[in-house]
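Here is what each chain is made of, one letter per residue.
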Amino acid sequence: MTERYETVVIGGGQAGLATGYYLQSCDQDFVILDAGDRVGDPWRTRWDSLRVFTPARFTSLPGKAFPGSPSEFPGKDAVADYLESYAEHFDLPVELGVRVDGLKRNGSSYLITAGDRQYSADNVVVAMASYQVPTIPDFADELADDVVQLHSSGYRNPDQLQDGNVLVVGAGNSGAEISLDLADEHETWLSGRDVGHVPFHVNSKFGRYIGVPLVMRVLYHRVLTTDTPVGRRMRPKLLSQGGPLVRTKPQDLAAASVERVPRMTDVRDGYPVVGDGQILDVTNVIWCTGFQPDFSWIDLPIFDGQVNPKEPIHERGVVSDAPGLYFVGLFFLYALTSSLFTGVGRDAEYVVDHLMSRPHPSSTGRLSA
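What you are looking at is a predicted structure, and each value in this text was computed from that prediction instead of being measured. (Residues numbered from 1 in each chain as written. Predicted model: local features only at pLDDT ≥ 70, side-chain atom pairs only at ≥ 80, totals over all residues. Heavy atoms only, no water.)

Draft legend 1. Region of interest: the pattern of salt bridges. One pass over the full model with this rule turns up 9 salt bridges. Across the salt bridge formed by Asp 81 and Arg 44, the nearest N and O atoms sit 3.3 Å from each other. Taken together, the positions of Asp 81 in helix 3 (residues 76–89) and Arg 44 in helix 2 (residues 41–44) put the pair 37 residues apart, joining distant regions of the chain. Classification of Arg 44 as buried rests on a relative accessible area of 17%. Across the pair Glu 84 and Arg 44 runs a salt bridge whose closest N-O atoms are separated by 3.3 Å. Of this pair, Glu 84 sits in helix 3 while Arg 44 sits in helix 2, and the two are 40 residues apart along the sequence. Put simply, Arg 38, Asp 41, Arg 44, Asp 81 and Glu 84 are held in one network by salt bridges that share partners. (Salt bridge = Lys/Arg side-chain N within 4 Å of Asp/Glu carboxyl O. Helix = DSSP H or I, 4+ residues; strand = E, 2+ residues; numbered from the N terminus. Buried < 20%, exposed > 50% of the residue type's maximum accessible area, 1.4 Å probe, protein only.)

Printed below as a string of structure tokens:
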């Protein structure tokens, strides 16, 4: 039996829930499929000390404000609980424990498979982030067997590490914040190039009320978009290298005695080698080397390999070569805020508006042979 809907949303995080909000306001017949046991689980599994970059007033989805003080920076568990309460508040049709493993065309509609379940839909919104498969360099296998290795996706707190020093590989936001988390208990090296940083502390009064709104609501949200020349010029660089440090500053790392070293380039005799040829005698390595998207389960000709062979060809989330297929939640899908709470609602509203402008055959019968 195949379950039929007008629209199937794949992913029940902030992108999928925002999309569901707008679909519900248009009286669409839809379902949100999510592989987790609870709404918000991807946030619950991140490191314990993680806090978002934006105060609560900028960490909300459409229709429901984030609870608590609007000037506080929520932790990861508070974000997860907010997402769960959001789905409950609007009674969004989220089906949990459903891992989608196939998407293809089936005549004039789409066929979605998830194990032994099948769904048919006129429209599909893939509401997933670009951060799906952890990226670890091949030479990680050459590290000594007694060196503890973790990717940032598996790091929770310093208790996971053995005694001794730590090399954090990757000096972006995750690497910098995890380095500070470790520095009280371990001698810590941070390997990687200087990615730059925003010129204020987000926790300061200036940061909370002027700096963060200026960066997140103006620069990242309205200036760095695919509609502006500077946004189009910066987008390829940001896609490949990521953005500047937001919360952490170089002086914060120095004050915590985190030692900066060049980019790790190799392994020699079981230990890391950095760009200046120095061999680091470490007992722990944490890979903050990012993620790759994984849309290998999509059997459609929507990837061309020119910019990023693992991401789809789209314009503001609309896939012109596959009418009725949309993406929300990708990094810099439209703006630098597209994967953040600040921007995901705008992108969701845009794709739902486009979706509603299409002619739709009736597909409200729940089951078909």
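Draft legend 2. Up close: empty space enclosed by the protein. Counting across every chain of the model gives 1 cavity of 30 Å³ or more. Approximately 30 Å³ is the volume found for the largest cavity. Around the largest cavity sit Phe 53, Val 198, Phe 200, Val 202, Val 212, Val 215, Met 216 and Val 246, which together line it. (1 Å grid on protein atoms, 1.4 Å probe; cavity = no way out; pocket = protein on both sides within 12 Å on 5 of 7 lines; lining within 4 Å. Points joined across faces, edges and corners; volume = space filled by probe spheres on them.)

Draft legend 3. A look at the packing of aromatic side chains. Within this structure, the stated rule accounts for 14 aromatic pairs. Between Phe 200 and Phe 206, the ring centres sit 5.8 Å apart and the planes meet at 75°, which makes this aromatic pair edge-to-face. Judged by relative accessible area, Phe 200 falls into the buried class, the value being 10%. Seen from the ring of Trp 43, Arg 46 lies directly overhead, with NZ or CZ sitting 5.5 Å from the centre. (Phe/Tyr/Trp six-rings, centres within 6.5 Å; stacked < 30°, edge-to-face > 60°. Lys NZ or Arg CZ within 6 Å of the ring centre and 35° of its normal.)

Draft legend 4. Spatial organisation of the nonpolar core. Counting residues in hydrophobic clusters, the biggest one holds 49 residues, and the most contacted among them are Leu 17, Trp 43, Leu 61, Leu 83, Leu 182 and Ile 286. Residue assignment for this core shows that the elements contributing at least two residues are helix 1 (14–25), strand 2 (30–33), helix 3, strand 9 (166–169), helix 4 (173–182) and helix 8 (341–356). Not counting the four nearest positions on each side in its chain, Leu 83 is found in contact with Gln 14, Leu 17, Val 39, Gly 40, Trp 43, Leu 61 and Phe 341. In this structure, Ala 114, Leu 300, Leu 333 and Tyr 334 belong to the second largest nonpolar core, which totals 28 residues. (Core = buried A, V, L, I, M, F, W, Y, C linked by side-chain atoms within 4.5 Å. Contact = heavy atoms within 4.5 Å.)

Draft legend 5. Quick peek at the packing of helix 5 (residues 205–223) against helix 8. The geometry of helix 5 relative to helix 8 is characterised by a closest axis approach of 10 Å and an angle of 50° between their N-to-C directions. Judged by the angle between their axes, helix 5 and helix 8 are oblique. Of the two possible hands of crossing, helix 5 and helix 8 adopt the one that is right-handed. The residues of helix 8 that touch helix 5, namely those facing Met 216, Arg 217 and His 221, are Thr 342, Gly 343 and Arg 346. Considered class by class, the residues forming the contact of helix 5 with helix 8 number 1 nonpolar, 3 polar and 2 charged. (Axes fitted to C-alpha atoms, helices over the stretch in contact; angles between N-to-C directions. Parallel < 35°, antiparallel > 145°, perpendicular 65-115°, else oblique. Left-handed = near helix turned anticlockwise from the far one by under 90°. Nonpolar A, V, L, I, M, F, W, Y, C, P; charged D, E, K, R; others polar.)

Draft legend 6. A look at the environment of Ile 210. Summarising the element assignment, Ile 210 is placed in helix 5. Spatially, the C-alpha atom of Ile 210 lies 39 Å from that of Gln 28, the residues being 182 residues apart in sequence.

Draft legend 7. Seen up close, the sheet that holds strand 9. An order of 8-14-9-10-11 is seen for the 5 strands of this open sheet, with the pairing classed as parallel. With partners counted over all chains shown, the strands left at the sheet margins are strand 8 (148–151) and strand 11 (259–261), one partner each. Across the sheet, the axes of successive neighbouring strands diverge by a mean angle of 20°, strand direction being ignored. Pairing of strand 9 with strand 10 (residues 188–191) involves 4 bridges; the strand directions are parallel. (Pairing = 2+ DSSP bridges.)

Draft legend 8. Seen up close, the pairing of strand 10. Burial along strand 10 is two-sided: the face carrying Thr 188 and Leu 190 and the face carrying Trp 189 and Ser 191 are both buried. Bridge count between strand 10 and strand 11: 3 bridges; the pairing is parallel. Looking across to strand 11, one finds that Trp 189 is bridged to Glu 259.

Draft legend 9. Highlighting the side chain of Thr 342. Considering the arrangement of structural elements, one finds Thr 342 in helix 8. Thr 342 gets classed as buried once you look at its relative accessible area, which sits at 9%.

Draft legend 10. Region of the structure containing helix 3. Helix length check: helix 3 (14 residues) gives 20 Å between terminal C-alpha atoms against 20 Å at 1.5 Å per residue, within 8%. Of all the positions in helix 3, only Lys 76, Val 79, Ala 80, Tyr 82, Leu 83, Glu 84, Tyr 86 and Ala 87 are classed as buried. In the core, the buried residues of helix 3 are packed alongside helix 1, helix 2, strand 3 (94–95) and helix 8. A positive backbone phi angle near 50° is found at Asp 91, which sits one or two residues after helix 3. (Expected span 1.5 Å × (residues − 1).)

Draft legend 11. View of the pairing of strand 14 (residues 284–287). Both faces of strand 14 are covered, namely the face carrying Asn 284 and Ile 286 and the face carrying Val 285 and Trp 287. Across 4 bridges, the pairing between strand 8 and strand 14 is parallel. By the bridge assignment for strand 14, Gln 149 is matched with Val 285. Pairing of strand 9 with strand 14, which is carried by 4 bridges, proceeds in the parallel orientation. Following the sheet pairing, Leu 167 is matched in strand 14 by Val 285.

Draft legend 12. Quick look at the environment of Ala 80. You can see Ala 80 is positioned in helix 3. A relative accessible area of 0% places Ala 80 in the buried class. Linking Ala 80 and Gln 14, residues 66 residues apart in sequence, is a C-alpha distance of 9.6 Å. Excluding residues that lie within four positions of it along the chain, Ala 80 makes contacts with Val 39, Gly 40, Trp 43 and Arg 44.

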